[in-house]
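Inside the fold
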Amino acid sequence: MQRPAPAKFELLVRRDDEEDFELRQVASVIGYLNSRPRRIDQESYEISELRSRLAVAPGFILKNKTTDRFLLLSAQERFLWDQMDGATSLQEIATAYVLKYGEFDFEIIPSLLHKLQRAQL
Amino acid sequence: MPISPSSRTGCARRDLRKRQILFREDDRGDEMFIVRRGTMLISKAVTGKVEQVLVRVEPFDFFGEMSLFDGSPRSATAQAETDVELLILGRDSLQAMTETAPHAAASFFHAMVTVFMDRLRRSTQQVAEATRWGLEATGLDIEAR
């Protein structure tokens with residue numbers, strides 16, 4: 001099934017002259033980029049490095065202490081997790097990711113957000 | 001369904017220049033308006049100087065009827081998007097039409113009900129669209145939960 005086009009709001013923004021205005025269409029994707037994900041309180045989770053001789057890349061175990069749910073995070077996901085402080089927007093997080101890793105994976109942020117939401121993290 | 005008032009209703013006429021505000025949200029009012037020419041923007045305050053455009057009212061459609069019927073303050077702001085020509089229908093004109101031309105009044109009210117139903121459907125759609133906007137903007141994946 002084809003995904004519907006992103007939802008849009010039409011907003012009227014008044015200028016200083018009360019009658020003057022500008023019409024703006026705001027797509028949900030703008031809201032998404034400006035959203036500021038916040039991880040749960042520090043007391044509610046534990047994160048530790050996964051130490052295994054079999055592991056080819058560094059990994060991390062993230063535990064929700066309230067629900068006892070675990071998530072396995074890659075180093076890149078751990079980096080993104082650390083950025084999710086409720087003050088940094090997704091756009092800023094993506095920029096920080098590009099600056100650190102020199103590339104961008106378009107799926108990594110939405111996919112991590114879904115994993116975190118499912119684990120209530 | 002567009003509404004085409006008879007000249008026998010004795011509607012007054014009013015012209016608005018582009019961007020002129022006819023009334024603001026919370027103003028008092030007891031008239032409804034029928035657009036003869038141009039486009040009106042109906043918007044509702046959201047925050048600060050930002051309003052959400054609820055609907056554009058095109059020729060032969062009407063607005064402002066809620067205050068006419070129940071005397072409540074205006075629920076939204078009405079502003080001309082273009083130069084506009086309006087017909088004004090007040091409580092007295094409506095009463096006069098009901099008494100002097102009951103068949104025309106019946107047709108008029110029937111047309112209004114049809115428009116109300118259309119607006120109700122549109123509002124329901126707007127609520128669903130606003131919910132979709134919120135889900136998309138927050139990245140909430142309800143289906144996966």
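Refer to the structure printed above.
Once a new chain begins, its residue numbering starts again from 1 and follows that chain's sequence as written. Written order decides the labels, with chains lettered from A and ligands numbered from 1. At least 70 in pLDDT is required for a residue's local features to be given in this predicted model, at least 80 for side-chain atom pairs to be given and counted, and no such filter applies to totals for whole chains, interfaces and linings, which use all residues.

Helix and strand content of chain B: three helices and eight strands. Ordered by position from the N terminus, the helices and strands of chain B form the series β-β-β-β-β-β-α-β-β-α-α. Overall, chain B is about 60 × 30 × 25 Å in size when its C-alpha atoms are taken along their principal axes. Exposure classes come from backbone-placed C-beta atoms, where a residue is buried if 20 or more other C-beta atoms lie within 10 Å of its own, exposed if 12 or fewer do, and partly exposed in between. Classification of the 145 residues of chain B by burial places 21% in the buried group. Two residues qualify as being in contact provided that their C-beta atoms, derived from the backbone, are within 7 Å of each other. A sequence separation of at least 24 residues applies to 75% of the contacts in chain B between residues at least 6 apart. In this text, helices come from DSSP runs of H or I with a minimum length of four residues, and strands from runs of E with a minimum of two, each type numbered from the N-terminal end.

Taking 1.5 Å of rise per residue, the twelve residues of helix 3 (residues 90-101) of chain A would be expected to cover 16 Å, and the 16 Å separating its terminal C-alpha atoms lies within 8% of that figure. Where helix 3 of chain A terminates, the next one or two residues include A:Gly102, which has phi positive at roughly 75°. Multiplying one less than the number of residues by 1.5 Å gives the expected span of a helix.

Residue and element names in this part refer to chain A. Across the sheet, three strands lie side by side as 3-4-5; this open sheet has antiparallel pairing. This sheet does not close on itself; its edge strands, each paired only once, are strand 3 (45-50) and strand 5 (69-74). Shown here is a sheet whose adjacent strand axes are inclined to one another by a mean of 25°, direction ignored. Pairing geometry for strand 3 and strand 4 (residues 59-64), over six bridges, is antiparallel. Residue Tyr45 lies in a different strand from strand 4, and its bridge partner there is Asn64. The sheet contacts of helix 2 (residues 75-83) involve strand 4 and strand 5, and relative to strand 5 the element is tilted by about 110°. Note on pairing: two strands pair once DSSP finds at least 2 bridges between them. Fitted lines through C-alpha atoms serve as axes, helices being fitted only where they are in contact, and the angles separating the N-to-C directions of these axes extend from 0 to 180 degrees.

What follows covers the interface of chain B and chain A. The interface is formed by 21 residues belonging to chain B together with 20 residues belonging to chain A. The set of elements that each furnish at least two residues to the side of chain B that touches chain A consists of strand 4 (40-47), strand 5 (50-57) and helix 3 (102-138) of chain B. When grouped by side-chain class, the residues that make up the side of chain B that touches chain A number eight nonpolar, five polar and eight charged. In terms of strand pairing, strand 1 (residues 8-14) of chain A meets strand 5 of chain B through three bridges, oriented antiparallel. Of the residues in strand 5 of chain B, the one forming a bridge with A:Leu12 is B:Glu51. Classes in brief: Ala, Val, Leu, Ile, Met, Phe, Trp, Tyr, Cys and Pro nonpolar; Asp, Glu, Lys and Arg charged; the others, Gly included, polar.

Attention now goes to the sheet that holds strand 4 of chain B. Within the open sheet, the six strands sit side by side as 2(A)-1(A)-5(B)-4(B)-7(B)-2(B). Their pairing is antiparallel. A strand with exactly one partner marks an edge of an open sheet, and here the two such strands are strand 2 (21-27) of chain A together with strand 2 (21-23) of chain B. When the angles between neighbouring strand axes are averaged without regard to direction, this sheet yields 40°. Across seven bridges, strand 1 of chain A lies against strand 2 of chain A in antiparallel orientation. The residue bridging A:Lys8 from the neighbouring strand is A:Ala27, located in strand 2 of chain A.

Here we take up the environment of B:Val115. All names here are of chain B. For Val115, the location among the structural elements is in helix 3. A tally of 17 C-beta atoms within 10 Å means that Val115 is categorised as partly exposed. The spacing of Val115 and Phe62 is 53 residues in sequence and 8.8 Å in space, taken between C-alpha atoms.

What follows concerns unusual backbone geometry. Residue A:Asp68 is not a glycine yet carries a positive backbone phi of 60°. Tracing the backbone through its elements, the reader meets A:Asp68 in the loop between strand 4 and strand 5. Positive phi outside glycine occurs at B:Asp26, with the angle close to 80°. Looking at the element boundaries, B:Asp26 is found in the loop between strand 2 and strand 3 (31-37). You can call B:Asp26 exposed: it has 12 C-beta atoms within 10 Å.

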